[in-house]
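# Tertiary structure, described
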Amino acid sequence: MRTRTLMRFAGLILLILPCLISSAQSGFNPDSLSGLQLWFASDSGVQYDGSNKVSQWNDLSVNNNHATQTVTASQPLRVASVSSLNNKPVIRLDGIDDFMDFSRMTDIRSAFFIIKHRTGQQASAPLLGDMSGSYPWSNYGTPNDSGLIGSFASPFILSDSVHVNGVAGLALDIKKPKQYSIVSFLTSGNVSAQYITCDQGVTDRVWDGDYAEIILYNSVLTPLQRQQVEQYLQTKYAPPVN
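Per chain, residues are indexed from 1 in the order of the written sequence. pLDDT decides what is reported in this predicted model: residues at 70 or higher carry local features, side-chain atom pairs at 80 or more are listed and counted, and totals for whole chains, interfaces and linings draw on all residues regardless. Side-chain numbers here rest on the full set of heavy atoms in the structure, without hydrogens or water.

### Structural notes on the nonpolar core
To be explicit about the condition: Nonpolar cores were defined as sets of buried Ala, Val, Leu, Ile, Met, Phe, Trp, Tyr and Cys residues, with membership established by side-chain atoms within 4.5 Å. Categorising residues by exposure relies on relative accessible area from a 1.4 Å probe, with only protein chains included: less than 20% of the type maximum marks a residue as buried, more than 50% marks it as exposed, and the intermediate range marks it as partly exposed. Here a strand is any run of E in DSSP of at least two residues, a helix any run of H or I of at least four, and the numbering for each starts at the N terminus. Residue contacts are defined here by distance: any two heavy atoms, one from each residue, within 4.5 Å place the two residues in contact.
Core analysis: the largest hydrophobic core is formed by 35 residues, its most contacted members being Trp57, Phe113, Trp137, Phe185 and Tyr211. Ranked by residues supplied to this core, first place goes to strand E7 (residues 100–117) with seven residues. Leaving out residues up to four positions away in the same chain, Tyr211 has contacts with Ser42, Trp57, Val90, Ile91, Leu93, Phe113, Ile114, Ile115, Pro126, Leu127, Ile196 and Thr197. Among the nonpolar cores identified, the runner-up in size contains 22 residues, and Leu36, Ala41, Val82 and Val229 belong to it.

What follows is the structure in structure tokens.
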């Protein structure tokens, strides 16, 4: 009898657990976690002109570390609606000279992106860029290079796993996604950045594709917290992200 009662109780827990998780997740935002330093979302705080050229992308964290680009020719394009992302907008960079800059961060420990590369192959197109003299987010390689992260990248990125749509892999094995994907990094040490793409300030080392969201923390999130951020992104941009 006791065994039967315990089994019924366990069954009840399994039934209500998804509801509890869904309920908890519905009130979650990236700023629900401590350490949020930068948060760009393509559906909020984007300043653009009549040609949809983006001059400023507002930081939604309390730090107001907005990304800007004053040179019209290097301004990315706001695409108003993408059907596979729940009709959310994206910020599209041309892979030629589009990039944006923000006040330099030196203590990135957790980073989340929703991104898509146009072709999946590009020699040097970092997700974030820096002028530190190092190449923390580098994917420098040959013209048909499909890697998202290259061997010149920060050892704090290379030594830890990267998750793509919740699946863990080694940094050097991750490819530039040709479909919209959630990519998350939990680094083993502080990593720096000051650009949305653009390696070392070289204006032709830039991403050819789309960003929907960028979220950066100066704290190492737990596995559960990482999953919370990923679930927030998946829920917002239409599950599953594809």
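On we go from here.
### Digging into the pattern of salt bridges
Note the cut-off: Any carboxyl oxygen of Asp or Glu within 4 Å of a side-chain nitrogen of Lys or Arg constitutes a salt bridge here.
Tallied over the full model, the rule gives eight salt bridges. For Asp43, the salt bridge identified is with Lys236, shortest N-O distance 3.1 Å. On the criterion of sequence distance, the pair formed by Asp43 in the loop between strand E1 (36–41) and strand E2 (46–48) and Lys236 in helix H3 (residues 223–236) is long-range, its members being 193 residues apart. On the basis of relative accessibility, which here comes to 35%, the residue Asp43 falls in the partly exposed class. The exposure class of Lys236 is buried, given its relative accessible area of 15%. Close ionic contact of Asp208 with Arg118 constitutes a salt bridge, the shortest N to O distance being 3.0 Å.

### Comments concerning the pairing of strand E9 (residues 161–164)
Here is the rule we go by: Two strands are said to pair when DSSP picks up at least two bridges between them.
The sheet contact formed by E9 and strand E10 (residues 167–170) spans four bridges and is antiparallel. If you follow Val164 over to E10, its bridge partner there is Val167. Hairpin connection, E9 to E10: the antiparallel pair is bridged by two residues, and Asn165 has positive phi, about 50°.

### Here we look at a nonpolar patch on the surface
Using the following cut-off: Surface patches are drawn from residues lacking salt bridges whose relative accessible area is over 30%; two like charges belong together within 9 Å, two nonpolar side chains (Val, Leu, Ile, Met, Phe, Trp, Tyr) within 5 Å. The Shrake-Rupley method, run with a 1.4 Å probe sphere, supplies the accessible areas, and residue values consider only the shown protein chains as cover.
A cluster of nonpolar side chains, Tyr135, Tyr140 and Phe152, forms an exposed patch at the surface whose accessible area comes to about 330 Å². As for its position among the elements, Phe152 is in the loop between strand E8 (128–129) and helix H2 (155–158).

### Description of the environment of Asp31
Considering the arrangement of structural elements, one finds Asp31 in the loop between helix H1 (2–26) and E1. Note: C-alpha distance between Asp31 and Leu60 (29 residues apart in sequence) is 8.9 Å. Look past the residues within four positions of Asp31 in its chain and what remains in contact with it is Leu36 and Trp39.

### Here's the deal with unusual backbone geometry
The phi torsion at Asn64 lies on the positive side, around 50°, for a residue other than glycine. Take Asn64: it is sitting in the loop between strand E3 (54–57) and strand E4 (67–68). One non-glycine residue, Thr197, lies in the positive phi region at around 60°. Here Thr197 shows up in the loop between strand E11 (181–196) and strand E12 (208–217). Residue class for Thr197 comes out buried when judged on its relative accessible area of 0%.

### Let's talk about the pairing of E7
Of the strand pairs in this sheet, E7 and E11 are connected by ten bridges, and their pairing is antiparallel. Paired with Met105 across the two strands is Ala193, which belongs to E11. Alignment of E7 against E12, held across eight bridges, turns out to be antiparallel. Bridged to His117 within E12 is Gly209.

### So, H3
The condition that has to hold: Given the number of residues in a helix, its expected span is that number minus one, multiplied by 1.5 Å. Working note: the arc is built from the helix axis to C-beta atom directions.
Its 14 residues give H3 an end-to-end C-alpha distance of 20 Å, which sits within 8% of 20 Å, the value for a rise of 1.5 Å per residue. Those residues of H3 not exposed but buried are Arg226, Val229, Glu230, Tyr232, Leu233 and Lys236. Viewed end-on, H3 has its buried residues packed into an arc of 150°, placing them on one side of the element. Facing away from the buried side of H3 by more than 90 degrees, the exposed set consists of Pro223 and Leu224.

### Considering the packing of aromatic side chains
Here is the rule: Put simply, two rings from Phe, Tyr or Trp (the six-membered ring, in Trp's case) pair if the centres are within 6.5 Å, and we call them stacked under 30 degrees between planes, edge-to-face over 60, tilted for the rest.
Scanning all chains against the criterion turns up ten aromatic pairs. When the ring of Phe28 is compared with that of Tyr232, the centres are 6.4 Å apart and the planes differ by 65°; the resulting orientation is edge-to-face. On the criterion of sequence distance, the pair formed by Phe28 in the loop between H1 and E1 and Tyr232 in helix H3 is long-range, its members being 204 residues apart. Since its relative accessible area comes to 8%, Phe28 is described here as buried. On the accessibility criterion, Tyr232 (9% relative accessible area) is buried. With 5.4 Å between their ring centres and 85° between their planes, Trp137 and Phe185 make a pair best called edge-to-face. Remark: Phe185 occurs in strand E11 and Trp137 occurs in the loop between E8 and H2; sequence separation between them is 48 residues. Taken individually, Trp137 and Phe185 each receive the classification buried, so the pair is uniform in this respect.

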